Amino acid sequence: MSTAPPTIAIQQITGLILAGGQGSRMGHVDKGLQPFRGQAMAAHVVARLHPQVHTLAINANRHSERYAVLGWPVWPDLQLGFAGPLAGLQSGLMHCRTDYLIAAPCDSPLLPIDLVQRLAAALAQKTADAAIAVTDEGLPTQQRHPVFCLLRKTLLPSLSAYLDQDGRRMEQWFASIATVEVPFDDAQAFSNINTLQELQHLEQAHQGQQ
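Residues numbered from 1 in each chain as written. Predicted model: local features only at pLDDT ≥ 70, side-chain atom pairs only at ≥ 80, totals over all residues. Heavy atoms only, no water.

Our next topic: the pairing of strand β6 (residues 130-135). In terms of burial, β6 is a largely internal element, six of the six residues being buried. Both faces of β6 are covered, namely the face carrying Ala130, Ile132 and Val134 and the face carrying Ala131, Ala133 and Thr135. Looking at chain direction, β6 and strand β7 (residues 143-152) are connected through six bridges and run antiparallel. Paired with Ala131 across the two strands is Leu150, which belongs to β7. Relative to strand β8 (residues 179-184), β6 runs parallel, the two being bridged by six bridges. The residue bridging Ile132 from the neighbouring strand is Glu181, located in β8. (Buried < 20%, exposed > 50% of the residue type's maximum accessible area, 1.4 Å probe, protein only. Helix = DSSP H or I, 4+ residues; strand = E, 2+ residues; numbered from the N terminus. Pairing = 2+ DSSP bridges.)

Next up, the structure:
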């Protein structure tokens, strides 16, 4: 008699939208609040991620009142000085009341609608501590997207220790824990919008689409 593969219930997962950066490559504007198809980019991420999780929160270090309008708690970094996405993950793990945290950046409005399902399935089946998305973009190796990650809440001590040692590189921290890579076919779904020109090009490419 075969047994069902291990799973993670949606009630165990909190979604976190990472919007805590400085937007330095976009003229220091708040990327998550830039308009895309009539709404802030972060609003698109909310719309896609919310159905996949039990609850949501937004990691932001400025304009918290504008992010709060989206209807979810705003959790700033615990670290000072815009310490990067790992600091956002630390805040998420500290505040979330579920066993798992899934993160996605505020500047990827096309993220997959099955992101959580696929990361959760891989993490549960491999009994890993973290799962990250990877894509094949015609490169010799797959492109890793560590900002799209599912983490066990029990990783908080490890991440806090890494940050306390001035660690900032996501790849380095993920290499120190049990991480499974999950392949996705649609590379564009993981596109990060880093400049206003990239945002304009994406807007033009998706005119008329829902």
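Looking now at the packing of aromatic side chains. In this structure the tally under the stated criterion is three aromatic pairs. On the basis of an interplanar angle of 65° and a centroid distance of 5.1 Å, the ring pair of Phe184 and Phe190 is categorised as edge-to-face. Judged by its relative accessible area of 4%, Phe184 is buried. Ring pairing ties together the aromatic residues Phe148, Phe184 and Phe190, which thus form one cluster. Stacked on the ring of Phe184, the Lys or Arg Arg118 has its end atom at 4.1 Å from the ring centre. (Phe/Tyr/Trp six-rings, centres within 6.5 Å; stacked < 30°, edge-to-face > 60°. Lys NZ or Arg CZ within 6 Å of the ring centre and 35° of its normal.)

For the rest of this paragraph, the subject is unusual backbone geometry. Glycine aside, negative phi is the norm for most residues, and most peptide bonds take the trans geometry. Positive phi, close to 50°, is recorded for Arg37, a residue that is not glycine. Assignment of secondary structure puts Arg37 in the loop between β2 (35-36) and β3 (39-40). In this structure, His63 takes a positive phi of about 55° despite not being glycine. Its place among the elements puts His63 in the loop between β4 (55-60) and α2 (64-68). Here His63 falls in the partly exposed class, since its relative accessible area comes to 31%.

This part is about the packing of helix α3 (residues 85-95) against helix α5 (residues 156-164). Two elements in contact, α3 and α5, have axes whose closest approach is 10 Å; the angle formed by their N-to-C orientations is 145°. Pair α3 / α5 crosses with left-handed handedness. Contacts between α3 and α5 involve Leu86, Ala87, Leu89, Gln90, Leu93 and Met94 on the former and, on the latter, Leu156, Leu159, Ser160, Tyr162 and Leu163. Across the contact of α3 with α5, the residue classes tally to nine nonpolar, two polar and no charged. (Axes fitted to C-alpha atoms, helices over the stretch in contact; angles between N-to-C directions. Left-handed = near helix turned anticlockwise from the far one by under 90°. Contact = heavy atoms within 4.5 Å. Nonpolar A, V, L, I, M, F, W, Y, C, P; charged D, E, K, R; others polar.)

Tracing the chain through its elements places Asn59 in strand β4. Separated by 2.9 Å, the side chains of Asn59 and Asp77 make a polar contact. With near-sequence residues (within four places) excluded, Asn59 lies in contact with Leu16, Ile17, Leu18, Ala19, Gly20, Trp75, Pro76, Asp77 and Gly88. (Polar contact = N/O pair within 3.5 Å; in protein donor to acceptor, adjacent residues only side chain to side chain.)

What follows concerns the pattern of salt bridges. Throughout the structure, instances matching the rule amount to six salt bridges. Note that Arg118 is salt-bridged to Asp114, the shortest N-O span being 3.7 Å. For Arg118, a relative accessible area of 31% puts it in the partly exposed group. The partner of Arg144 in a salt bridge is Glu181, and the shortest N-O contact between them spans 2.0 Å. You can see Arg144 sitting in strand β7 and its partner Glu181 sitting in strand β8, a full 37 residues away along the chain. Overall, Arg144 belongs to the partly exposed group, its relative accessible area being 25%. A single network of salt bridges, built from pairs that share partners, joins Arg144, Glu171 and Glu181. (Salt bridge = Lys/Arg side-chain N within 4 Å of Asp/Glu carboxyl O.)

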